[in-house]
Amino acid sequence: MAGTEGRSELSSARGPIPAARTPDHDPLAELAALRDGDQATFAALVGRLHPTMVRVASSYVSSRAVAEEVAQDTWVAVLEQLDRFEGRSSLKTWIFRILTNTAKTRGVRERRTTPFSSLETETTGPVLPADSFNGDGHRWAGHWAAPVEAWELPEERLLSSELGRVIQRAVDELPPAQRAVVSLRDGQALSSREVCDLLDITEANQRVLLHRGRTKVRQVVNAYVGRVGVRL
Amino acid sequence: MSCREVVDVLSDYLEGALPAERRAALEQHLLTCENCVNYLQQMRTSIALTGRLQEEDVPDEVMDRVLDMFRERSDS
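Note that the coordinates shown come from a computational prediction; the quantities given were computed from them, not determined experimentally.

A. Molecular detail of the overall build of chain A. Within chain A, the regular secondary structure consists of eleven helices and zero strands. Each helix and strand of chain A, ordered N terminal to C terminal, gives the series α-α-α-α-α-α-α-α-α-α-α. Evaluated residue by residue, chain A yields a buried proportion of 34% over its 232 residues. Residue pairs in contact within chain A that sit at least 24 positions apart in sequence constitute 67% of those at least 6 positions apart.

B. Region of the structure containing unusual backbone geometry. Residues and elements named next belong to chain A. Positive phi is not limited to glycine here, since A189 has a value of about 60 degrees. Within the secondary structure layout, A189 lies in the loop between α9 (176-187) and α10 (192-199). Here A189 falls in the partly exposed class, since 16 other C-beta atoms lie within 10 Å of it. Backbone geometry places D200, a non-glycine residue, at a positive phi of 60 degrees. Tracing the chain through its elements places D200 in the loop between α10 and α11 (203-228).

C. Local environment of helix α4 (residues 64-81) of chain A. Its 18 residues give α4 of chain A an end-to-end C-alpha distance of 26 Å, which sits within 8% of 26 Å, the value for a rise of 1.5 Å per residue. Along α4 of chain A, the residues that are buried comprise A67, V70, A71, T74, W75 and V78 of chain A. Taken around the axis of α4 of chain A, the buried residues stretch over an arc of 145 degrees, which confines them to a single face. Away from its buried face, by an angle of more than 90 degrees, α4 of chain A presents the exposed residues A65 and E80 of chain A. Against the buried residues of α4 of chain A lie α3 (39-57) and α5 (91-109) of chain A together with α4 (60-75) of chain B.

D. Local environment of the interface of chain B and chain A. Listed as interface residues are 43 residues of chain B and, on the opposing side, 53 residues of chain A. A per-element tally of the side of chain B that touches chain A places helix α3 (residues 34-50) of chain B first, with 13 residues. Residues of the side of chain B that touches chain A, tallied by class, amount to 18 nonpolar, 13 polar and twelve charged.

E. Seen up close, the packing of α9 of chain A against α11 of chain A. All names here are of chain A. α11 packs onto α9 with a crossing angle of 85 degrees between their chain directions and a minimal axis gap of 8 Å. By the angle between their axes, α9 is roughly perpendicular relative to α11. Mapping the contact onto sequence places A177, Q178, R179, V181, V182, R185 and D186 in α9 and Q206, L209, L210, R212, G213, R214 and V217 in α11. Of the residues in the contact of α9 with α11, the class split is six nonpolar, three polar and five charged.

Cut-offs and rules
Residues numbered from 1 in each chain as written. Chains lettered and ligands numbered in written order. Predicted model: local features only at pLDDT ≥ 70, side-chain atom pairs only at ≥ 80, totals over all residues. Helix = DSSP H or I, 4+ residues; strand = E, 2+ residues; numbered from the N terminus. Buried ≥ 20, exposed ≤ 12 C-beta atoms within 10 Å, placed from the backbone. Contact = placed C-beta atoms within 7 Å. Expected span 1.5 Å × (residues − 1). Arc of directions from axis to C-beta. Nonpolar A, V, L, I, M, F, W, Y, C, P; charged D, E, K, R; others polar. Axes fitted to C-alpha atoms, helices over the stretch in contact; angles between N-to-C directions. Parallel < 35°, antiparallel > 145°, perpendicular 65-115°, else oblique.

This is how it looks when you write it as structure tokens:
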């Protein structure tokens, strides 16, 4: 059944706003199981969060290796403080809060400025290449210069690990602030409020970073669709 | 509204953050522009695909290390 659900989420969506992803686990039951020492629950949690934790940490620190250390240090802190977690935020948000604090501290020690302190380079310039649209003198100025073809990806392509890796690489290659925002918003389905709080950015900046990051990821997928030749 | 403007405000539209008038103008544009309808649909698919980041593999040695820590905590 999982495959059928995946397809409906990926290829339907005609309404104005994407349907929220519903968590496939009960947060309260998850927390109780963790406190109870249920290893399978913890492994599933690590599986869902750890790669994104490394990706977000990498926005603050000097290398992927340091980001991996930050993520592992975060798990140490999570396990130490699990009994003190009061549930005022979701467990996921709490873990990412510990992660960003740990990453910031590590970044300061490395004498790095946070990518969120000066966003100008990530938020200026056209979102798509200028030649995507007809120029001012054109009869259809501001309209697409070339047709935008619908993607028709068969389900096995949509769910393939190859496309999964394409997406991972696309997000990894985003500029640091966009990478963190896209990873948390679209990768982990956190709300804009939660992401603004975690990264200490304004709602307006969050939206610009999200938009630019999403646009780049879409371009990478578009190139992939063109390469695998399944466009109809 | 032109296609370029649609692309510029698409995330705001998807976030429900466009003022009503702009939203209406965008939806009016979509009624007659297949390219922008396709672009919007691509964006939705791309966003949904990004949700697959939760399915990435954690390297075995990392998983083993954090599971060891978890067991130590549970045993103590």
